[in-house]
Structure formats: C-alpha cells, structure tokens
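Examining the three-dimensional arrangement
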Amino acid sequence: MSKNSKDIIIIGAGLGGLITGALLSKEGFKVEVLEKNKQIGGCLQGFALDGKLFESAVHYVGSLSPNQTLYKIFKYLGIIDQLDLQALDAGCFDKIVIQDEEFELAQGHENFIESLSIKFPTQYQIIRNYVDGINHVCKRFPLYNIQHGSEGEKQKVLSQALQEMFIQFGADDKLQQVLTGNNMLYAGSLEQNPFYIHALIQNSYIEGSYKFKNGSAQLANLLRNVIQQQGGKVKRNTEIKKLVEIDGKIQHAIDQHGERHEASHFISNLHPQVTYAILDSKLIRPIARKRIATLPNTISSFLLNISLKPGIVPYRNHNIYYHLHNNTWHDITSKATLQPGSFGIFFTEDKTLAGFATSISVLTYMDASATALWDNSFHTTGLNTRLDREYLEFKETQSAYILSKIKDIIPEIQNAISQTDACTPLSYRDYLHSPGGSMYGIQKEIQTLSQSSFATRTKIPNLYLTGQNINLHGVLGVCITGILNTSDFCGLEYMVNKINSAQ
Ligand SMILES: Cc1cc2nc3c(=O)[nH]c(=O)nc-3n(C[C@H](O)[C@H](O)[C@H](O)COP(=O)(O)OP(=O)(O)OC[C@H]3O[C@@H](n4cnc5c(N)ncnc54)[C@H](O)[C@@H]3O)c2cc1C
C-alpha cells in the first residue's frame, strides 16, 4: 500500500528529527515524522517512578539565556515562552568534587574566572587564557553563534587535542582535572578528544545553564506542536526497517508492517550506522558501508534514578560531578564501569517542599560489554523480554554500589530512599537504537576526525542526515544541526537572517 506523497519524511522523532521538522514546517514544507517508539523525543523522553517524573538522559542545557543561541532558535520557533525552565545557580552550575576537595564552576565568563581563581590563585592568568581559548574556538563556529561564515574558519581549531591545549595554557594537573571534571558531557579521552568539542559545550553552560522544570519531554511536545500547527504529522509506533533507493533516489521507506511511506525527500534522525544498515542501495559502496559500520562509538552509561522521601535531602540548584580518584578520566580510560569512580549527580526540587529534593539521578559511564550477557533480550514500553532475574540482580548490585559511594557527599540519602530504578546500556540501545547504547554516538577523535564526520547531505541526493552524529551532540549541538538541515532546502544566509530577526 502506498501513502500520499509528502514533501519530506523524517525518520525518528528524537530532538534532531523534531527540531528539523519544526524548522522546515515553518518554511512551509509538508513534513511527516515517523517514530518507532510509543513516546516521541528520543533522549528527551521521561518516565514515571514512584509517581514522579524522571529524565532518561537530558538533565540540563546551556546557551539558553536571552539572546544566546538556543534561546534564539526557540524564540524563532515561538516556543521560548512556553518552556518551563529553571536557571541553575549563577555562582555554580557544576560542582566538581575530586576526592574531598570541591570546586565550583560559575556562570558568566568573568564569574567563572574569578570564582575558580580563588581555589587556584597562582593560576589566575592561566584560567583567563583558558576562557579566552574557549571563546576563540567558539567564534570560529559561525552557526554556534547564529552567524554565517566560511567553513575555513573552523579548520584551524579542529585538530587541537584537549590535552595539548591544556599544556599550551599551562594548567597544572589539578586545574586540568577540574576543568574537565564534567567530561561526562562529551565522553571522550583527554589525549584524543578534540578541544573544540569541550570548548563548545563548556562555553554553552558557562553562558547560561538551565534545567527543564517539568521534564525535557516538554521540548519534544512543543516542537511536535509546531509541526502539527503547520499541517505536518508526527506518527508514533512506526519503525522504519528499510530505505529503498531506485534510480538514484530514495523512493520510499518501509515500516515494520511492510507499509510504504513515500516522499520527495528523506531525513534520517537515526545513528548513521543504523541509517546505512537499512539503506537498500547499490550507490553506497561496500567499502564505505564497512567504514561506517566499524566507526567506534562513545561509551554508554548506567543511570540510577532515586525517588526520595520528602523533606530529607536538601535540594542543590547545581549538578555535582563526584570523583573518587584524582583523575577525572579514570573510568573512560580504565573502562572500570562495574565499579565506577565518577558520578554525575542531578537533583530535582520538590514542588511542594521548596528547598528539598524530590529525586536524584546518578549517571556513570558503563561500557556495553558490562551487559553483554543480555544482548539478545529487548525491552521498551511495548515489549519486554528482559525479565531475567540475574539482570535485575545486576541492576540492584550496581545501584547499591553507587549509593554506597554517593552517601559520602549526600549523607542524608541513607534514610531518604523511597524507590530506585536504573537505565543500562541495553535501555539506551533498545529505546534509541543507538549502537551499544552509546551516549553521544560516533566517537570524535583528533586522529580520525575526517572519517568520523558526517555532513547533512549524503551521496543520495534526496537523503539527508540529522541528529547528534552530525557536527555536535547535546541539545544545543543537535538544534544547530537542525538549522543546517533546513539550510539544505532554504539556504543558510536566509535561515540565519530569519532566526536573528525573530521578534
Ligand atoms: C545518558 C545521557 C545523558 C545526556 N545528558 C544530556 C544533557 O544533560 N544535556 C544535553 O544537552 N544533552 C545530553 N545528552 C545528549 C543529548 O540527549 C543527545 O545528543 C540528543 O538528545 C540526541 O538527539 P538525536 O535526535 O540525535 O537522537 P535520539 O534522541 O537518539 O533520537 C533518535 C530517535 O530515532 C528513533 N528511531 C530509531 N530508530 C528508528 C527507526 N528505525 N524508525 C523510526 N524511529 C527510529 C528513536 O526511537 C529516537 O526517538 C545526553 C545523552 C545521554 C544518552
């Protein structure tokens, strides 16, 4: 059976699919977004535990203060005033705790320098150089600042490694550890991670850090509304199994029921390894397919969600990255993910009891190999074959380990736990189709940057890619890529001018 033709079909209603769909809809394109899950949003999905809302992934976003990049994009789409946001503390958006020493990362570039210098008085100028360094890099990515510029501008900074830059700044080991204490935000390695990724992300949080008060799913819903208001559709429970190319163009996508979806253009929000795996076309040579299929991905994670009894654990309006070792990269390098030494801790305030936390989520790195025993099982809201007692015990053991460590910095938690549940690499694999449950998709490393980079356009003229694997991950990165996707149809200068002149 064949559906009516649409202008553009977008496969996947993660942030990438939804932001691109919303931007294109606003330009008058007839868009249909097809999502495999019952819930839209991908990483923006929330779920209930103990009657409370928990995030599956996104706990805070940067660059959201007035006139900053995300703010401008959401303003242009007419959704900024509908987002229920909470600014994190100006004096501390992330607290880095290394063993028993605490360091606060403040919002605002000058604040950031001044507050960190109190702990590192002899490295004041080094901290200033670091901030100047990240500013310099950010200026070289015109779209990061909603500007149009030449590709060449960023070429000079692409090949700088994180470690190399810290040596250039002259930061001592402890300062390096503190400045990369929130490395869970990009999950690279100190030696191989490009400095620009660190710079774009760190800078966005220094500029303006916010939480979604009632869950990040509100962003997915607002973007869906924009698409629907323009006459587009967002269809759930529709998993695309095949993309069929005939005579050099994608003719249709086939879903799990064998139904065909036709359009003039197709944009895939799936991981490129998944897109190319379902792409039925001889235009992509086997060698190219093999190269893409074997690209390494960023590590996965284990997320412990804790529902708290009321009025016991004070709410912190900042996140904590707690490190047991004096090396904040310990878990990434050792892959010691069954006994992690680093914990990203995120608090949610009790709506009825201000000043107290109603829940806490703790993120740790976890390699997919830790759950390999259950690789053949599957679990989403629609289907659960992962009922193995050993799997539940594995989650419990891991959760108990994490609780035993974080009680050292949140002592009140011991008497406050109401319920817990955890997401594992398999949860992310099954819900998102992210290979191995990878956090941020394909690993970007200095040595192999050109091989691991994807453009929005593909060899097939009516097939495009969007989402976290193109350019930069995270809410900010994915939204910026959405502008690029829209530019493929409308032109970059036109889009940039429109977003900047939005009233
Ligand atoms: C644990 C974790 C914590 C994070 N924390 C933060 C944070 O605090 N702040 C931040 O800015 N970023 C954070 N991120 C990163 C951010 O969430 C992602 O970069 C971004 O949301 C990815 O969006 P996406 O659209 O590219 O992919 P996804 O969100 O993965 O969306 C892909 C969509 O495609 C759908 N799909 C897959 N296969 C098919 C198919 N065959 N047919 C139809 N649909 C399909 C999936 O169901 C999904 O909805 C975090 C990520 C993780 C994993």
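Keep in mind that this is a model prediction, so the values were computed, not measured. (Residues numbered from 1 in each chain as written. Predicted model: local features only at pLDDT ≥ 70, side-chain atom pairs only at ≥ 80, totals over all residues. Heavy atoms only, no water.)

Our focus in this paragraph is the packing of helix α1 (residues 15-26) against helix α16 (residues 474-490). The description of two packed helices rests on the angle between their axes and on the distance between the axes. Between α1 and α16, whose axes approach to 8 Å, the crossing angle comes to 40°. Overall, the two elements α1 and α16 adopt an arrangement that is oblique. Along this stretch, α1 crosses α16, giving a crossing that reads as right-handed. Contacts between α1 and α16 involve Leu-15, Gly-16, Ile-19, Thr-20, Leu-23 and Leu-24 from the first element and Val-475, Val-478, Cys-479, Gly-482, Ile-483, Asn-485, Thr-486 and Phe-489 from the second. A breakdown of the residues in the contact of α1 with α16 according to their chemical character gives 9 nonpolar, 5 polar and no charged. (Axes fitted to C-alpha atoms, helices over the stretch in contact; angles between N-to-C directions. Helix = DSSP H or I, 4+ residues; strand = E, 2+ residues; numbered from the N terminus. Parallel < 35°, antiparallel > 145°, perpendicular 65-115°, else oblique. Left-handed = near helix turned anticlockwise from the far one by under 90°. Contact = heavy atoms within 4.5 Å. Nonpolar A, V, L, I, M, F, W, Y, C, P; charged D, E, K, R; others polar.)

Moving on, we come to the domain arrangement of the chain. Here the chain is partitioned into domain 1 (6-46 + 66-73 + 213-295 + 443-500), domain 2 (107-207) and domain 3 (299-439). Inter-centroid distance (C-alpha atoms) of domain 1 to domain 2 is 29 Å. With 22 residues of domain 1 at the interface, the matching set in domain 2 holds 23 residues. Both faces combined, the contact of domain 1 with domain 2 buries some 1,900 Å², and carbon together with sulfur accounts for 66% of it. (Domains from an automatic or database assignment. Buried area = accessible area lost by both parts, 1.4 Å probe.)

Glancing now at empty space enclosed by the protein. With the rule as written, the count across this model stands at 1 cavity of 30 Å³ or more. Taken as a whole, the largest cavity holds about 100 Å³ of empty space. Around the largest cavity, the lining comprises 13 residues; the ones closest to its centre are Ile-197, Tyr-440, Ile-442, Lys-444 and His-473. Each residue belonging to the lining of the largest cavity can be placed in one class, and the counts come to 6 nonpolar, 6 polar and 1 charged. Looking at which domains feed residues into the lining of the largest cavity, each of domain 1 (6-46 + 66-73 + 213-295 + 443-500) and domain 2 (107-207) gives three or more. (1 Å grid on protein atoms, 1.4 Å probe; cavity = no way out; pocket = protein on both sides within 12 Å on 5 of 7 lines; lining within 4 Å. Points joined across faces, edges and corners; volume = space filled by probe spheres on them.)

This part covers the sheet that holds strand β18 (residues 417-423). The strand order across the open sheet built from 7 strands is β7-β6-β15-β16-β17-β14-β18, with neighbouring strands paired in mixed fashion. Each having just a single partner strand, β7 (101-105) and β18 make up the two edges of the open sheet. Shown here is a sheet whose adjacent strand axes are inclined to one another by a mean of 20°, direction ignored. As paired elements, strand β14 (residues 300-308) and β18 share 6 bridges and run antiparallel to each other. Its bridge partner being in β18, Asn-305 is matched across the sheet by Asp-421. Most of the contacts of helix α13 (residues 389-406) go to β14, to which it runs at about 70°, and overall it touches β14, β15 (319-323), β16 (342-349), β17 (357-366) and β18. (Pairing = 2+ DSSP bridges.)

Among the 9 residues that make up β14, 9 are buried, leaving the element largely enclosed by the rest of the structure. In β14, alternate side chains face the same way, and those of Ser-300, Phe-302, Leu-304, Ile-306 and Leu-308 on one face and Ser-301, Leu-303, Asn-305 and Ser-307 on the other are all buried. Of the pairings in the sheet, the one linking β14 to β17 comprises 8 bridges and is antiparallel in character. What sits directly across from Ser-300, in β17, is Met-366. (Buried < 20%, exposed > 50% of the residue type's maximum accessible area, 1.4 Å probe, protein only.)

The topology assignment puts Asp-331 in helix α12 (residues 330-334). A relative accessible area of 1% places Asp-331 in the buried class. Taking the C-alpha atoms as reference points, Asp-331 and Ala-187, separated by 144 residues in sequence, lie 10.0 Å from one another. Within polar-contact distance, the side chain of Asp-331 engages the backbone nitrogen of Ser-342 at 3.0 Å. (Polar contact = N/O pair within 3.5 Å; in protein donor to acceptor, adjacent residues only side chain to side chain.)

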